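# Observations on the three-dimensional arrangement
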Amino acid sequence: MESSVLMGIGLLWVWATIAGLDLVSVPQSMVARPFIVAVVAGAILGDLLAGARIGIVLELFALDALPIGAARYPDYGAATMGAVLVAAGQPPVAGLGVGAATGLVLAALGGWTMPVLRRANARAIRDRLEMLRTGHAATIRSLQYAGLARDGIRSGLLSLIAIGAGLLIRHLPPLEGDAAAALTVAVVGAGLASVLSGALRTAGRSRRCRWLTAGLLTGSLLAVAL
Amino acid sequence: MPLAYGRASHGKPIGGGVVSGRGKAFARLFAVQAAWNYERMLGIGMGYAAEPLLAGLEATDSERHAEAAGRSAEFFNCHPYLAGLALGASVAAEYAGESEDRIRRLKTALCGTLGALGDHLFWAGLLPAMMGLALIVAVVWSPWWGVGLFLVGYNGCRVAVAWWGLRTGLDTGMRVGQAIASSWVPRVRRWVGLAAGFLVGVAIPLAGRFLLGGLGRSQILIGVGVAVLGLALAYRFRATFGGVRYGLLAVALVLLWFGVLP
């Protein structure tokens, strides 16, 4: 493998790991959002538009989920990077469907790792209850750093899996015309359904619903005019 | 300069809310969820952030300091960006010599309040509003401008709110609930929600056009049909049928139809 390709993959791994840590642990600056991860990953791979397309379609799904409290939600960080790896350099219709489908599977897998991490943190705390009760500062610090390290390992491993999945799917025979278009249509349609249902659920029957309707009308007019 | 330690009257913190270690505690609040777990939730992160603020108490009363440090790492949960309000208020109450029972009740009361407030203000308000705007800018103008606008706008607001929260908590102590109710937060929460509704509404058709732009008319109509069906299913089975599940189901059906899956 060429050194420039290895460098690109290394950069993707670092970027997706940072995004994975940002999701919950530190600093929750929202670089883990699919749109942000995808545009940067697209730039790393030299296909900004493929990154933007993947980022926008996966963001439609992500906008449906509110990361509230102990809820389990998909982890789009590494998943989006894997999706962009699949779609970069492909024709738009062929790359978008397969890439986004890969991203959805990886995001669901990432969501499954969150409860595992949370249970591991709880186990570590149970072993140090007496020290915690007395407010032992070094114990609190060590639990905090260990939690951070666990999440770093979790997102690093997820990123490796996403890179492996992305490279593997790139080497499979590509989908033919109709199947590729159908996959793109299905994923985009599902994404639109997802963001709309989330927006309607949040708006309820309040004034926000009227603003949402006004926005949809404005957006439709702009989409026709542009 | 650390606060003087002593019993407060009417829950008012002693020392006008001046506590050393604010900067360090503020920085540590960015990692308040690093050890998140199902038993103490934010507890360990709160204890970690409280450590620099409680250092002044160690010099005056080491026994009280140990109790306060232990309490700071107990069960707590709220929206992570507003955790500073609870952290500041509970630390100010510790310095004011409030009873163990009152401090625990304060934290329990803040769990639900700050959780609901933060979820509305950020997860259902600022986040979709800024992301809707970013998607509009990305589609109409450039993806990089969308990314830049989102990260600067969102994080600018988030950092300012987190700093305000820590300062307000430290300054008001046990009266933090009144301070929140009379602050700008409830008003802004309403407006941010309306802006989020509008901006996400504008972004949806533009995103659909951007993503389906290269396809034929019949394929676009099928895409709209998939969206309408998904919306109906989400409405009917809202508790169990999230967007990702529908997406995976749609992908599986397409792959089965075209014989890609066995």
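Residues numbered from 1 in each chain as written. Chains lettered and ligands numbered in written order. Predicted model: local features only at pLDDT ≥ 70, side-chain atom pairs only at ≥ 80, totals over all residues. Heavy atoms only, no water.

### Examining the overall build of chain B
If you tally the helices and strands in chain B, you get 10 helices and zero strands. Secondary structure of chain B in N-to-C order comes out as α-α-α-α-α-α-α-α-α-α. Projected onto the principal axes, the alpha-carbon positions of chain B cover approximately 75 × 40 × 30 Å. Carbon and sulfur atoms form 65% of the exposed surface of chain B, whose accessible area is close to 11,100 Å². Across chain B, 23 positive and 13 negative side-chain charges occur, with their mean positions spaced 17 Å apart. (Helix = DSSP H or I, 4+ residues; strand = E, 2+ residues; numbered from the N terminus. Areas by Shrake-Rupley, 256 points an atom, 1.4 Å probe, with all protein chains shown as cover. Lys, Arg positive; Asp, Glu negative; His and termini not counted. Charge placed at Lys NZ, Arg CZ, Asp CG, Glu CD.)

### Looking at the packing of helix H7 (residues 137-171) of chain A against helix H2 (residues 43-60) of chain B
Closest axis-to-axis distance for the H7 of chain A/H2 of chain B pair is 9 Å, and the angle between their directions is 125°. By the angle between their directions, the pair H7 of chain A and H2 of chain B is classed as oblique. In terms of crossing hand, the pair formed by H7 of chain A and H2 of chain B is left-handed. From H7 of chain A, Ala137, Ile140, Arg141, Leu143, Gln144 and Tyr145 of chain A reach across to H2 of chain B, where they touch Ile44, Gly45, Gly47, Tyr48 and Glu51 of chain B. Residue composition of the contact of H7 of chain A with H2 of chain B, by class: six nonpolar, three polar and two charged. (Axes fitted to C-alpha atoms, helices over the stretch in contact; angles between N-to-C directions. Parallel < 35°, antiparallel > 145°, perpendicular 65-115°, else oblique. Left-handed = near helix turned anticlockwise from the far one by under 90°. Contact = heavy atoms within 4.5 Å. Nonpolar A, V, L, I, M, F, W, Y, C, P; charged D, E, K, R; others polar.)

### Looking at the environment of Cys157 of chain B
Here Cys157 of chain B shows up in helix H6 (residues 143-172). For the pair Cys157 of chain B and Phe122 of chain B, spaced 35 residues apart in sequence, the C-alpha to C-alpha distance is 9.7 Å.

### Here we look at the domain arrangement of chain B
Residue and element names in this part refer to chain B. Taken as a whole, chain B is organised into domain 1 (3-110) and domain 2 (112-257). One C-alpha centre belongs to domain 1, the other to domain 2; they are set 32 Å apart. With 32 residues of domain 1 at the interface, the matching set in domain 2 holds 29 residues. Regarding the contact of domain 1 and domain 2, the summed buried area is about 2,600 Å², with carbon and sulfur atoms giving 73% of it. Summed over the shared surface of domain 1 and domain 2, the result is one salt bridge. (Domains from an automatic or database assignment. Buried area = accessible area lost by both parts, 1.4 Å probe. Salt bridge = Lys/Arg side-chain N within 4 Å of Asp/Glu carboxyl O.)

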